[in-house]
Amino acid sequence: MAMEFSQDNSKSIETYVNVISSITGSAASQVDGIVSVTYGNGKNETKNRKNKNKAIDVVIYDNKLCKIELSVSIYYGYNIPVVVCKLQEKIKQEVEKSTFYKVSSVNVNVVGIVAGN
């Protein structure tokens, strides 16, 4: 069940969502084979830094769990399941190390393959 918040609490939760999104984006940039975090339709989101985290969806639950969903483009020639698994592990590790939230799931949608690296 998702958390229900009062108006006072909603800014705090919004801050945590933004922090978790930032950590997720940073972790994704550290995984070999990931080109970029993108919108679900493949539109590159890294061009507009102000809205960078909107390509990452974070849901925070009332039992200190969070669910993360993101779409990525991967370089051609990389083993997609291996890259996605490394990405999931890296995101989970970084979020749990940096916040008090536990990650219940990291859903990764591969929306593009990019030639060259």
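The preceding data block contains the structure.
What this report covers is the structure whose coordinates are included nearby.

Rules behind the numbers
Along each chain, the written sequence defines residue order, and numbers are assigned to residues from 1. Thresholds applied to this predicted model are a pLDDT of at least 70 for local features of residues and 80 or more for the giving and counting of side-chain atom pairs; totals over whole chains, interfaces and linings are not thresholded and use all residues. Where side-chain values are given, they derive from all heavy atoms of the structure, hydrogens and water being excluded. Residues qualify for a patch when their relative accessible area is over 30% and they have no salt bridge, like charges being joined within 9 Å and the nonpolar side chains of Val, Leu, Ile, Met, Phe, Trp and Tyr within 5 Å. Exposure was quantified through the Shrake-Rupley algorithm and a 1.4 Å probe, taking into account, for residues, occlusion by the shown protein chains and nothing else. By definition, a salt bridge exists where a carboxyl oxygen of Asp or Glu is found within 4 Å of a side-chain nitrogen of Lys or Arg. Strands here mean DSSP runs of E at least two residues long; helices mean DSSP runs of H or I at least four residues long; both are numbered from the N terminus. Burial classes: relative accessible area under 20% of the type maximum marks a residue as buried, over 50% as exposed, and values in between as partly exposed (1.4 Å probe, protein chains only). One fewer than the residue count of a helix, multiplied by 1.5 Å, yields its expected span. Regarding the arc, it is the one traced by the directions from the helix axis to the C-beta atoms. Note on contacts: a residue pair qualifies if any of its non-hydrogen atoms lie within 4.5 Å across the two residues.

## A few points about a nonpolar patch on the surface
A cluster of nonpolar residues, Tyr76, Ile80, Val110 and Ile113, forms a patch on the protein surface that exposes about 380 Å² of accessible area. Tracing the backbone shows isoleucine 80 in helix H2 (residues 80-98). Overall, the relative accessible area of 34% leaves isoleucine 80 in the partly exposed class.

## Some points on H2
Along its 19 residues, H2 runs 27 Å from first to last C-alpha, staying within 8% of the 27 Å computed at 1.5 Å per residue. Three or more residues of H2 are buried, namely Val83, Val84, Leu87, Ile91, Glu94 and Val95. Projected onto a plane normal to the axis of H2, the buried residues spread over an arc of 105 degrees and lie on a single side. In H2, those exposed residues whose orientation departs by more than 90 degrees from the buried face are Pro81, Glu89 and Lys97.

## Focus: the environment of lysine 64
Relative to the helices and strands, lysine 64 is located in the loop between strand E2 (56-60) and strand E3 (65-75). Its relative accessible area of 41% is what places lysine 64 among the partly exposed residues. In sequence terms lysine 64 and lysine 102 are 38 residues apart; their C-alpha atoms lie 6.3 Å from each other. Those residues in contact with lysine 64 that lie beyond four places of it in its chain are Phe100, Tyr101 and Lys102.

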